[in-house]
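Chain residues, written in single-letter form:
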Amino acid sequence: MSTIRIDNVSRWFGNVVAVNDVSMTVGPGVTGLLGPNGAGKSTLINMMGGFLAPSAGTVTLDGETIWRNEGIYRHIGIVPEREAMYDFLTGRDFVRANAELHGLGDREAQRALATVEMEYAQDRRIDTYSKGMRQRVKMASALVHEPSVLLLDEPFNGMDPRQRMQLMDLLRTMGAEGRTVLFSSHILEEVEQLAAHIEVVVAGRHAASGDFRKIRRLMTDRPHRYVVRSGDDRALAAALIADPSTSGIEVDVREGVLRVEAADFGRFTELLPRVARAHGIRLLTVSPSDESLESVFSYLVTA
């Protein structure tokens with residue numbers, strides 16, 4: 001099991017600061033790296049992969065500095081966003097060339113191509129591939145030496161739904177095996193389905209870390225929103241609205257639910273069952289309506 005540590009890292013290009021004093025730890029399992037365009041995600045991945053030197057701070061893998069450390073590449077597989085490929089090669093030749101750099105051969109190349117389901121097109125030139133096929137052959141090249149760390153920058157770009165699901169299943173399996181998988185994506189639904197842990201960067205700074213639902217619950221300065229179904233929505237609304245923990249209640253007659261905005265998360269979670277019990281009202285469902293990754297991400301980038 002491998003762990004990447006980023007300690008007080010900054011990276012600037014001339015007068016432009018791309019990453020500003022970021023610290024984070026990426027360990028075994030699947031981690032999603034989120035941020036708006038230009039937030040510094042690709043710069044961070046390039047530093048983790050040894051393509052860029054930090055202007056300040058350190059990036060290490062299991063205690064070893066990554067920059068200018070060739071031995072690190074025995075443990076890291078990288079799928080960059082940029083299309084830097086040899087289009088005149090076949091898919092098999094491209095993957096086999098990377099296998100040979102690791103002292104491996106055709107057997108390992110074939111295994112990697114099979115892993116990403118690209119055997120059917122392995123003898124075609126890369127310049128005939130679709131965007132999704134190019135992504136998958138890059139993935140095969142990154143997996144040929146069975147790395148303990150996999151870094152992927154926007155890996156789902158150009159993939160059709162079937163290809164996307166196959167890659168998601170593969171990354172879940174790798175995370176469950178104890179490998180360290182970090183991927184960036186601008187599609188929040190993909191991150192929500194796949195990543196048990198997220199790291200958020202905004203304007204080059206580290207904005208949040210952890211399970212996105214727990215991050216939402218720590219945002220005590222923002223009201224929490226719930227959808228409640230009960231045996232008597234109107235009576236429950238009347239009982240709740242008098243308490244200062246609720247800042248707004250809407251009786252949605254069409255949907256048959258209450259939409260509650262709670263200003264005090266802790267107090268409201270204690271209040272709701274107590275009030276329902278006191279008034280003999282049955283609670284059918286209580287579900288948060290703003291604990292999706294999209295809501296959390298929106299709160300973070302507009303903070």
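Cut-offs applied
- Residues numbered from 1 in each chain as written.
- Predicted model: local features only at pLDDT ≥ 70, side-chain atom pairs only at ≥ 80, totals over all residues.
- Heavy atoms only, no water.
- Phe/Tyr/Trp six-rings, centres within 6.5 Å; stacked < 30°, edge-to-face > 60°.
- Buried < 20%, exposed > 50% of the residue type's maximum accessible area, 1.4 Å probe, protein only.
- Core = buried A, V, L, I, M, F, W, Y, C linked by side-chain atoms within 4.5 Å.
- Helix = DSSP H or I, 4+ residues; strand = E, 2+ residues; numbered from the N terminus.
- Contact = heavy atoms within 4.5 Å.
- Pairing = 2+ DSSP bridges.
- Axes fitted to C-alpha atoms, helices over the stretch in contact; angles between N-to-C directions.

## What about the packing of aromatic side chains?
Here the structure, examined in full by the defined rule, presents 3 aromatic pairs. Pairing Tyr-86 with Phe-88 gives two aromatic rings, centres 6.0 Å apart and planes at 65°, and the pair type is edge-to-face. In this pair, the class of Tyr-86 matches that of Phe-88, namely exposed. Ring geometry for Phe-156 versus Phe-183: centroids 5.9 Å apart, planes at 85°, classification edge-to-face.

## Digging into the nonpolar core
Across soluble globular proteins, you tend to see nonpolar side chains buried next to one another. Val-95, Met-139, Leu-150, Leu-152, Leu-171 and Phe-183 are the most contacted members of the largest nonpolar core, which totals 40 residues. For this core, the element with the highest residue contribution is helix α4 (residues 131-143), accounting for 6 residues. Ignoring any residue separated from it by four or fewer positions in sequence, one finds Met-139 in contact with Val-79, Val-116, Leu-150, Leu-152, Leu-167, Leu-170 and Leu-171. Of all hydrophobic cores here, the second largest spans 24 residues; its members include Ile-4, Val-19, Leu-52 and Val-59.

## Quick word on the sheet that holds strand β7 (residues 149-153)
Spatially, β6-β7-β8-β3-β9-β10 is the arrangement adopted by the 6 strands of the open sheet, whose pairing is mixed. A strand with exactly one partner marks an edge of an open sheet, and here the two such strands are β6 (76-79) and β10 (205-210). The sheet shows a mean angle of 15° between the axes of neighbouring strands, direction not considered. Across 4 bridges, the pairing between β6 and β7 is parallel. Looking across to β7, one finds that Val-79 is bridged to Leu-152. Along the sheet, helix α1 (residues 41-48) contacts β3 (29-34), β6, β7, β8 (180-184) and β9 (197-202); its crossing angle with β7, the most-contacted strand, is approximately 150°. Against the sheet, helix α5 (residues 161-176) engages β3, β7 and β8, with an angle of about 125° to β3.

In short, shape yes, function no, at least from these values alone.
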